[in-house]
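Here are the chains, one letter per residue:
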Amino acid sequence: MPAVLIRTTFSRIGHSVSTSRNERVASGVFAIAGALFDSFFYGYGIVIGLVALVWYGTILHWDRGALGLIVIPVQGWAYWLRASLFLGMIVLLVAGSVYIFCRLFGYFFFIPQVNPAHPELLNWIVSLTISAPLIEESVYRFALCVPLVSLIGPFRTIVISGLIFGAAHFIWGNPGPDNFVAGYLLAWSFLKSGSIVIPIILHAAGNACVGAFAITMYYYPIFVVS
């Protein structure tokens, strides 16, 4: 599994022989502008995603493979079940390493704590595991990656998606190491699988783990520094 992250074959997302370069460039400009706008003015993700869907769908003739809108990933579900465990280990390793570094050198490291008796807990869980994955993946993977991959290739697209996604969470006041590394892995999973369903599921599962950890830390704050 580790070698597949470097030596990998990507899907045909963003590629169509009938799309002109001017259309692809205009789409690329819109993609970056839309992602940056959502980073600074959070709350417009649904609009950006819908505009991207109509625009890209029109120029790509609603080719679901080129749009990344297939339901079953190219490699099948068994592959992504194994891959999700490996990707989760990467995020956990990075987050754990940053935590240890901060503790060793006396830097502040925020550990979330959530009271399960809070009246807004259910809304928080829905936002964390449903709303956020759907909206953020529609912007930072679908709207951003579909046009860019045909212009600059998959690896540069992954870098840009990861950078903007990480910067957005920093701007939103959630600069966790998991967010900085997750953007790259989610972009890779989208372009590799050919399906937006995969990064949405991975994003939701990751957020669910963060939520469970935050609730656990409320009862057992073993990592929280007073």
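Here's what I pulled together on the structure shown here. Values in this document were obtained by computation on a predicted structure and should not be read as measured data.

Within the protein one finds 8 helices and 0 strands. Counting from the amino terminus, the protein carries its helices and strands in the arrangement α-α-α-α-α-α-α-α. A burial count over the protein gives 42% of its 226 residues as buried. A separation threshold of at least 6 residues defines the contact pool for the protein, and within that pool the share at least 24 residues apart is 77%. Surface exposure of the protein reaches about 12,100 Å², of which carbon and sulfur atoms provide 73%. Averaging the positions of the 10 positive and the 7 negative side-chain charges in the protein gives two centres separated by 15 Å.

A word on the nonpolar core. Counting residues in hydrophobic clusters, the biggest one holds 41 residues, and the most contacted among them are Tyr-56 and Leu-191. At the level of secondary structure, the elements contributing two or more residues to this core comprise α1 (21–40), α2 (45–59), α3 (64–67), α4 (77–105), α5 (121–152), α6 (154–171), α7 (177–193) and α8 (197–219). Examining the composition of this core, we find that 9 residues originate from one element, α5, more than from any other. Leave out the neighbours within four places in its chain, and Tyr-56 touches Ser-27, Phe-30, Ala-31, Leu-67, Phe-142, Ala-143, Val-146 and Pro-147. With 5 residues, the next largest nonpolar core counts Tyr-99, Phe-109, Ile-111 and Met-217 among its residues.

This part covers the packing of aromatic side chains. If you walk through the whole model with that rule in mind, you get 14 aromatic pairs. When the ring of Tyr-42 is compared with that of Trp-172, the centres are 4.5 Å apart and the planes differ by 65°; the resulting orientation is edge-to-face. Placement of the pair is Tyr-42 in the loop between α1 and α2 and Trp-172 in the loop between α6 and α7, with a sequence separation of 130 residues. With a relative accessible area of 25%, Trp-172 lands in the partly exposed category. When the ring of Tyr-218 is compared with that of Tyr-219, the centres are 5.4 Å apart and the planes differ by 85°; the resulting orientation is edge-to-face. Assessed through its relative accessible area of 38%, Tyr-218 is described here as partly exposed. By the ring-pair criterion, three or more aromatic residues cluster together here, those being Phe-30, Trp-55, Tyr-56 and Phe-142. Sitting above the plane of the Phe-165 ring, Arg-141 keeps its charged end 4.5 Å from the centroid.

The rules we used
Residues numbered from 1 in each chain as written. Predicted model: local features only at pLDDT ≥ 70, side-chain atom pairs only at ≥ 80, totals over all residues. Heavy atoms only, no water. Helix = DSSP H or I, 4+ residues; strand = E, 2+ residues; numbered from the N terminus. Buried < 20%, exposed > 50% of the residue type's maximum accessible area, 1.4 Å probe, protein only. Contact = heavy atoms within 4.5 Å. Areas by Shrake-Rupley, 256 points an atom, 1.4 Å probe, with all protein chains shown as cover. Lys, Arg positive; Asp, Glu negative; His and termini not counted. Charge placed at Lys NZ, Arg CZ, Asp CG, Glu CD. Core = buried A, V, L, I, M, F, W, Y, C linked by side-chain atoms within 4.5 Å. Phe/Tyr/Trp six-rings, centres within 6.5 Å; stacked < 30°, edge-to-face > 60°. Lys NZ or Arg CZ within 6 Å of the ring centre and 35° of its normal.

Purely geometric numbers; function is a separate question.
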